[in-house]
Amino acid sequence: VTGGLAGPQRAFARACRDDSRVWNLVVYGQYSDYGVGQDLECCQDQEERCAVMARVGDVYVTIEGGPGVAQEARVAAERGALVVPLSRSGGASAGMFDFPRSALSKPEWVHEEDWALLGSQDATVEQSAAAA
């Protein structure tokens, strides 16, 4: 599930092999323009879309982001969803904008080496992606 926005969400959607399993939540009257998956018109504005997005997933992978990403992550974490920040990407995913502190701590079942790769500027993108 994506928020239908440009940037990392578009890249994620286009990298998926089975487009029937990609859903893009968009504001009524808008579309993702991804060419992949199905756009689902679900809300009146971006604020409502963010609220819906924060409540539909079990696992969230965040890449950079601003205050909206941090808010979605807080709501998701508060309801028990797993939030995995790619902290090396900066922004909300690195702890800005009141990103949930609980999501910045390594879950006990994650290998230390994998968690470190999510934040390492020295790791290759491929290594960080494999760790996620």
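Placed above this text is the structure.
Residues numbered from 1 in each chain as written. Predicted model: local features only at pLDDT ≥ 70, side-chain atom pairs only at ≥ 80, totals over all residues. Heavy atoms only, no water.

Chemist: Got a sec to walk through the packing of helix α2 (residues 46-56) against helix α3 (residues 67-78)? Specific residues and values, please.
Modeler: Helix-helix packing is described using two parameters, namely the angle between the two axes and the distance between the axes. The geometry of α2 relative to α3 is characterised by a closest axis approach of 8 Å and an angle of 35 degrees between their N-to-C directions. Both α2 and α3 take part in a crossing whose hand is right-handed. Residues Arg49, Cys50, Met53, Ala54 and Arg55 of α2 form the contact with α3, whose participating residues are Glu72, Val75 and Ala76. Looking at the contact of α2 with α3 residue by residue, the class counts come to five nonpolar, no polar and three charged. (Axes fitted to C-alpha atoms, helices over the stretch in contact; angles between N-to-C directions. Helix = DSSP H or I, 4+ residues; strand = E, 2+ residues; numbered from the N terminus. Left-handed = near helix turned anticlockwise from the far one by under 90°. Contact = heavy atoms within 4.5 Å. Nonpolar A, V, L, I, M, F, W, Y, C, P; charged D, E, K, R; others polar.)

Chemist: Describe in detail the side chain of serine 93, supporting the description with residues and values.
Modeler: Mapping serine 93 onto the fold places it in the loop between β4 (82-86) and α4 (112-119). The buried category is assigned to serine 93, whose relative accessible area is 0%. A polar contact is formed between the side chain of serine 93 and the side chain of threonine 62, at a distance of 2.8 Å. In this structure the side chain of serine 93 is engaged in a polar contact, spanning 3.4 Å, whose partner is the backbone nitrogen of isoleucine 63. Apart from the residues within four sequence positions on either side, serine 93 is in contact with Thr62, Ile63, Glu64, Pro85, Leu86, Ser87, Phe99 and Leu104. (Buried < 20%, exposed > 50% of the residue type's maximum accessible area, 1.4 Å probe, protein only. Polar contact = N/O pair within 3.5 Å; in protein donor to acceptor, adjacent residues only side chain to side chain.)

Chemist: Summarise the side chain of serine 128; cite the residues concerned and give the values.
Modeler: Inspection of the secondary structure assignment puts serine 128 in helix α5 (residues 125-131). The class of serine 128 is buried, set by a relative accessible area of 2%. Side-chain polar atoms of serine 128 contact the side chain of arginine 88, separated by 2.9 Å. If we ignore the near neighbours within four places in the chain, the residues touching serine 128 are Leu86, Arg88, Leu117, Leu118, Ser120 and Ala123.

Chemist: Please provide a residue-by-residue account of unusual backbone geometry, values included.
Modeler: Of note in the backbone geometry, aspartate 33 takes a positive phi value of approximately 65 degrees without being a glycine. When you line up the elements, aspartate 33 lands in the loop between β1 (23-27) and β2 (38-43). Even without glycine at this site, glutamate 64 takes up a positive phi of about 45 degrees. With respect to the secondary-structure elements, glutamate 64 resides in the loop between β3 (59-63) and α3.

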